[in-house]
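# Geometric and topological summary
Listed here are the chains, written in short residue letters.
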Amino acid sequence: MVRLNDGDDDESPADSDSILESQLNRRNYLKLGAMAASTALSAGVASAASGPEERFGIQWDRVVNAVDDLGMDPNGNEPIDNQLDSAYESGTLIEFPPGEYLATETQYWNDDVSRFGMVGTGSSHKDVQFVFPSGNNGEKYRFLEITSGDHHVLKNFSIQQTDDSTTTADIWMINDDGGLIEDVEWLGRTPTDNDARRQLLAYDCSSVDGVNVARRVYMREGAELPGYPDGVAGIRVQGGSVGEIRLVDCHIEQRGSSSFRATHTRGVLRVEGGLFKNNDNTNMRISAGDHPEKTSWIKGATVIMDSDNLNEHAHDGDSLDSPEGLRIDSTGNGYAGVLIEDCDFIFKSCPTSRGVVSSPTWGGHGGFTLRNCRIQNDTSVQTIHADSVDTDTADKPWGVNLENVSITGSARSQPSGAAVCIDNDRNGSTVQNSCIHFPNGDVDGVLVNDATSCEILDSNINVSGQATVFSGADVDTSNITSSDSCPLPSADGSTGGDSSSTDSTTDSTTDSTTDSTTDSTTEPLPNEIRLVGTGTTTQYEFTVTDSLQASDGTIEEWDDIESGTATGWITTEGVEDAYTFSGDVDSFSFLEGESEIYVNGEQVTESTVTDATTDSSTDGSTDSSTDGSTDSTTDSTTDSTTDSTDLSHELRLVGTGTQTRYEFTVSEALEASGDTIETWDTIDGTSASGWITTEGVEDTFNFAGSVTSFGFVEGEAEIYVDGEQVTESTVTDATTDSSTDGSTDSTTDSTDSQNELRLVGTGVETQYEVAVSGTLEASGDTVEQWDDVSESSATGWVTTDGVEDTYAFTGTITSLSFLEGEAEVYVNGTRVDPAVFSLPNTLVVEGDGAETTYEFMVSGDILNDPLVGATESDDSLTNGKAKGSVTDGIDAFRFSGDIKKMNLVGDAALTFEDNDG
């Protein structure tokens, strides 16, 4: 048998192609020997199989039982090789009942088969196990080698390597598109590459437009740890892969080499969630790839390195050699642009290592971005090292970008002297809105060597050494502060699930072709907005009233969509960013530069883009651009998403540690709350679906109306509606539509409840005008006949010192002005500056239990909004600047102009709306 290379750094991108050619010749030879048996058996299968059936979003021509229809032995005594090979044809799904199935020969499949599946029917993926001859080191046993075709499904079974030092079995699967490997675990101890190939799963996508998914793949029962390059990796994406491979919620631990590696691939690797722990060499090894439309990324993953505490599967004498956390590495290919986002890195103990995050010189990789990541380093290894870049071979950009990255730990020294080392020619590197706290020993913050056009902005650097050190570098610094602490990463290792808690055979969750995070399957929304570059560096921001999504391939990793808001950059003339949306464009602004704007094919301007569409639910009598403050008669069914205060109910899903998928629909309007949902969660109009796994972590939504349907497609979570815990069966009863009477009070929250407004005379003849987003009524007999009160607004007079007009209202005050004179204004007993209600923009800081300090500066005016969250005496507001702290409560502000400075130290949630462009 052809032996695969050991996986050293000199591997050629063509290796997998040459290996494939050699092995296909053997595949054809073996197939001939089994042809007669296959022909006879296929006829029997056809007569026994069930008819067409849909599973996992795939239409199967036949579903067969491995035991009853194919005659396989579920007791592990007789080989299944011939029966399995004979059943391999398009449209066939094989179901394996619980048992052990002995495989003794590799299945070499290269027949361009479409829609083939092997699925265990047990309640756990361990109920079906494929077993292999012990001591099969002569063959370095490969269970399946699938080198063509599409929509192959391998699901809900385990591969039993046993605990000896020679038995192993790997899989190599190449699909054009639609491949799915889900709920599959490698059990037992993995040998060195003397007795095994270089990885347990080689997974490639052979079509540029294709997407293959590996979801909940587990490799955690240990391996021999001989040190690089003799260890066996977990998952590898090879040079022949040109499309997209996606790893979702995988758990890979204690491998002899990288948990996953994608350094040669011309396609991309995209990692969502997952736990990668105590893997030798590297825990994550990735490049940006060379795809024409996509780049690689890792989002929401957790890396833990604690070499002093290997898991229960370790043998006496096992020890790690030189493990890294993340290596950005294109192995000389010069790729650039990989994104690492929302990841946690925890280094508790570690032997010699290149670093927690590194991009070595020989790796040949250009720039990369770490965004919203948390790093805890209690070891002496380097925290972040962007080594020198070869400008002759590496693609631009060359800089490393740290955005909202928190670095903490008890490390007393760093090999480079600083926590972050940016080396030669990493021009354009930036550190912004980040936090570094190393209080022990002698550790500098950021070191930049021989690089130009670098920036360190709006960051807290509290270290025992110098905050910044520059050697031959051109670096601009601004607003570098110092405080006691930074946000810590989560030590919860359940991010990617655990084999004991994620067993599942639920069909509806496994269709890779309908994965909500797969761009190619998303249906476009009815409206389109396109931003076309004019050659000027341009940053834009806009919000729509309903749903928003990117058009395939037009936006890059530096563009961002959160709920109904998009922010992005466009520079090159003629290049465009395109989105589809439902509803209207609620606000639009260029934060820098300018571009051409097209809505549904018609060119518009920055000032007219919000008038270019009207929401389909709004009839001709209602001006779609009119906000809630002036349209007091608008029915609750009319585009309730245009005013966030109409979303008066809250639905929270709190993880219990079980891999859970939910779906629900509400009657009126729906949006995500803050930043609680991730890229794999989706909102489409009034419906949402998503995943939640980690115990205590929550997905939160605000909605109007009632919950009309709810279901857990897989797993379970705690459900709270307006703060009250409910069950899956009672969630639809927890709220009632706004037309119900007051006998149901469980739906009432701060915006539905009664608020009080008092206008107190100062002795000056005063006329006022007030409007609210909800309802308004006079309290008692405080208003007189010359005051005029409608459903949501009032106009009145107050003159005598100490005499007051009092109103009860729901929602928020959308405007309050004095047409003549002045009076004191009190909201819920707190005196407020009435000027706050004329400020168009909002900013809210919501605490999570731990103290968070904040400081904001705006170009206009800023005032506290006490109706949403009153500030305390220790908080301050002066000259366009707000400064304070929150712990459990909420501090809220209204402001005009733009945010010029923003510092937030802690884990509080920050939300803001820019309504004046």
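Residues numbered from 1 in each chain as written. Predicted model: local features only at pLDDT ≥ 70, side-chain atom pairs only at ≥ 80, totals over all residues. Heavy atoms only, no water.

The helix and strand tally for the protein stands at four helices and 75 strands. With 917 residues in all, the protein has 56% of them scored as buried. The long-range fraction of contacts in the protein, counting pairs at least 24 apart against all pairs at least 6 apart in sequence, stands at 78%. For the protein, the computed accessible surface area is about 34200 Å², with 42% contributed by carbon and sulfur atoms. (Helix = DSSP H or I, 4+ residues; strand = E, 2+ residues; numbered from the N terminus. Buried < 20%, exposed > 50% of the residue type's maximum accessible area, 1.4 Å probe, protein only. Contact = heavy atoms within 4.5 Å. Areas by Shrake-Rupley, 256 points an atom, 1.4 Å probe, with all protein chains shown as cover.)

Interpretation of this model should avoid reading the predicted coordinates in detail wherever pLDDT is low. With 84% of its residues at a pLDDT of 70 or more, the protein has an overall mean of 82. Confidence drops under pLDDT 50 across residues 1-44; counting only partners more than four residues distant or on other chains, this segment forms 76 contacts. When the criterion is pLDDT under 50, residues 493-521 qualifies, and its contacts beyond four places in sequence or with other chains add up to 95 contacts. (pLDDT = per-residue confidence, 0-100.)

Here we come to the pairing of strand β72 (residues 881-886). Judged by which residues are buried, β72 turns out to be one-sided: Ala882, Gly884 and Val886 face inward and are buried, whereas Lys881, Lys883 and Ser885, on the alternate face, are not. Summarising the sheet, strand β69 (residues 852-858) and β72 pair through six bridges and their orientation is antiparallel. By the bridge assignment, tyrosine 854 is partnered in β72 with glycine 884. In this structure, strand β71 (residues 876-878) lies alongside β72, joined through three bridges in antiparallel fashion. Bridging across to β72, threonine 878 finds its partner in lysine 881. Counting the residues in the hairpin turn of β71 and β72 gives two residues, including asparagine 879, whose phi is positive at 50°. (Pairing = 2+ DSSP bridges.)

This part covers the sheet that holds strand β65 (residues 813-820). With respect to topology, four strands assemble into an open sheet ordered β62-β63-β60-β65, the strand pairing being antiparallel. Two strands lie at the open edges of the sheet, namely β62 (788-789) and β65, each paired on one side alone. Sheet topology note: the strand β60 (residues 766-772)/β65 ladder contains six bridges and is antiparallel. Paired with alanine 771 across the strands is serine 815, a residue of β65.

This brings us to the environment of tyrosine 579. Structurally, the position occupied by tyrosine 579 is in strand β46 (residues 576-581). By relative accessible area, tyrosine 579 is classed as buried at 0%. Note: C-alpha distance between tyrosine 579 and leucine 531 (48 residues apart in sequence) is 8.9 Å. Polar contacts involving the side chain of tyrosine 579 include one to the side chain of tyrosine 540, which spans 2.5 Å. (Polar contact = N/O pair within 3.5 Å; in protein donor to acceptor, adjacent residues only side chain to side chain.)

So, about the packing of aromatic side chains. Tallied over the entire structure, the rule returns 24 aromatic pairs. With a centroid separation of 4.0 Å and an interplanar angle of 5°, the aromatic rings of tyrosine 88 and tryptophan 109 are classed as stacked. Of the two residues, tyrosine 88 is situated in the loop between α3 (81-86) and β5 (92-96) and tryptophan 109 in strand β7 (residues 107-109); the sequence distance between them amounts to 21 residues. Among the residues examined, tyrosine 88 registers a relative accessible area of 5% and is labelled buried. A centroid spacing of 6.3 Å and a plane angle of 80° characterise the contact between tyrosine 540 and tyrosine 579, whose relative ring orientation is edge-to-face. Of this pair, tyrosine 540 sits in strand β42 (residues 538-544) while tyrosine 579 is found in strand β46, placing the two residues 39 residues apart along the sequence. (Phe/Tyr/Trp six-rings, centres within 6.5 Å; stacked < 30°, edge-to-face > 60°.)

Taken together, Asp342, Asp560, Glu562 and Asp675 make up a surface patch of like negative charges. Within the fold, glutamate 562 resides in strand β44 (residues 560-562). Assessed through its relative accessible area of 38%, glutamate 562 is described here as partly exposed. (Patch = residues over 30% accessible without salt bridge, like charges linked within 9 Å, V, L, I, M, F, W, Y side chains within 5 Å. Salt bridge = Lys/Arg side-chain N within 4 Å of Asp/Glu carboxyl O. Lys, Arg positive; Asp, Glu negative; His and termini not counted. Charge placed at Lys NZ, Arg CZ, Asp CG, Glu CD.)

With that out of the way, let us pick up the pairing of β42. Burial of β42 is extensive: five of the seven residues sit out of reach of the surface. Two strands pair when backbone bridges link them, and β42 and strand β45 (residues 565-570) are joined in this way by six bridges, in the antiparallel orientation. Considered in β45, the bridge of glutamine 539 is made with tryptophan 569. Bridge analysis of β42 against strand β47 (residues 585-592) gives six bridges, and the strand direction is antiparallel. When the sheet's bridge partners are listed, glutamine 539 is paired in β47 with glutamate 592.

Once that is clear, we can look at the environment of isoleucine 384. Inspection of the secondary structure puts isoleucine 384 in strand β31 (residues 384-386). With 25 residues separating them along the chain, isoleucine 384 and serine 359 place their C-alpha atoms 8.7 Å apart. Ignoring sequence-local partners within four residues, the contact set of isoleucine 384 consists of Val357, Leu370, Ile375, Leu402, Ile407, Ala419, Val420 and Cys421.

On to unusual backbone geometry, then. Here the residue pair tyrosine 228 and proline 229 is connected by a cis peptide bond, since its omega of 10° sits within 30 degrees of zero. Take proline 229: it is sitting in the loop between β15 (211-219) and β16 (233-236). Residue proline 397 is bonded to the preceding lysine 396 through a cis peptide linkage, with omega at -5°. With respect to the helices and strands, proline 397 occurs in the loop between β31 and β32 (400-403). Positive phi, close to 50°, is recorded for aspartate 112, a residue that is not glycine. Inspection of the secondary structure puts aspartate 112 in the loop between β7 and β8 (114-120). Since its relative accessible area comes to 59%, aspartate 112 is described here as exposed. Within the chain, aspartate 342 stands out as a residue other than glycine whose phi angle is a positive 55°. When you line up the elements, aspartate 342 lands in the loop between β26 (338-341) and β27 (344-349).

Turning our eyes to something else, we now look at the side chain of serine 257. Looking at where serine 257 falls in the secondary structure, it is placed in the loop between β18 (251-253) and β19 (260-262). For serine 257, a relative accessible area of 7% puts it in the buried group. Aside from chain neighbours lying at most four places away, what touches serine 257 is Tyr228, Gly231, Val232, Ala233, Asn279, Asp280, Asn281 and Thr282.

Met118 and Phe143 are the most contacted members of the largest nonpolar core, which totals 100 residues. Once residues within four sequence positions are removed from consideration, methionine 118 is found in contact with Leu84, Leu93, Ile94, Phe96, Trp109, Phe130, Phe143, Leu144, Val153, Leu154, Lys155 and Phe157. In this structure, Leu653, Phe710, Ile719 and Val726 belong to the second largest nonpolar core, which totals 21 residues. (Core = buried A, V, L, I, M, F, W, Y, C linked by side-chain atoms within 4.5 Å.)

Next up on the list: the side chain of serine 359. Here serine 359 shows up in strand β28 (residues 357-359). For serine 359, the side chain forms a polar contact with the main-chain oxygen of isoleucine 328, separated by 3.2 Å. Polar side-chain contacts of serine 359 include one of 3.4 Å to the side chain of arginine 426. Apart from the residues lying within four places of it in its own chain, the contact partners of serine 359 are Ile328, His365, Phe368, His385, Ala386, Asp387 and Arg426.

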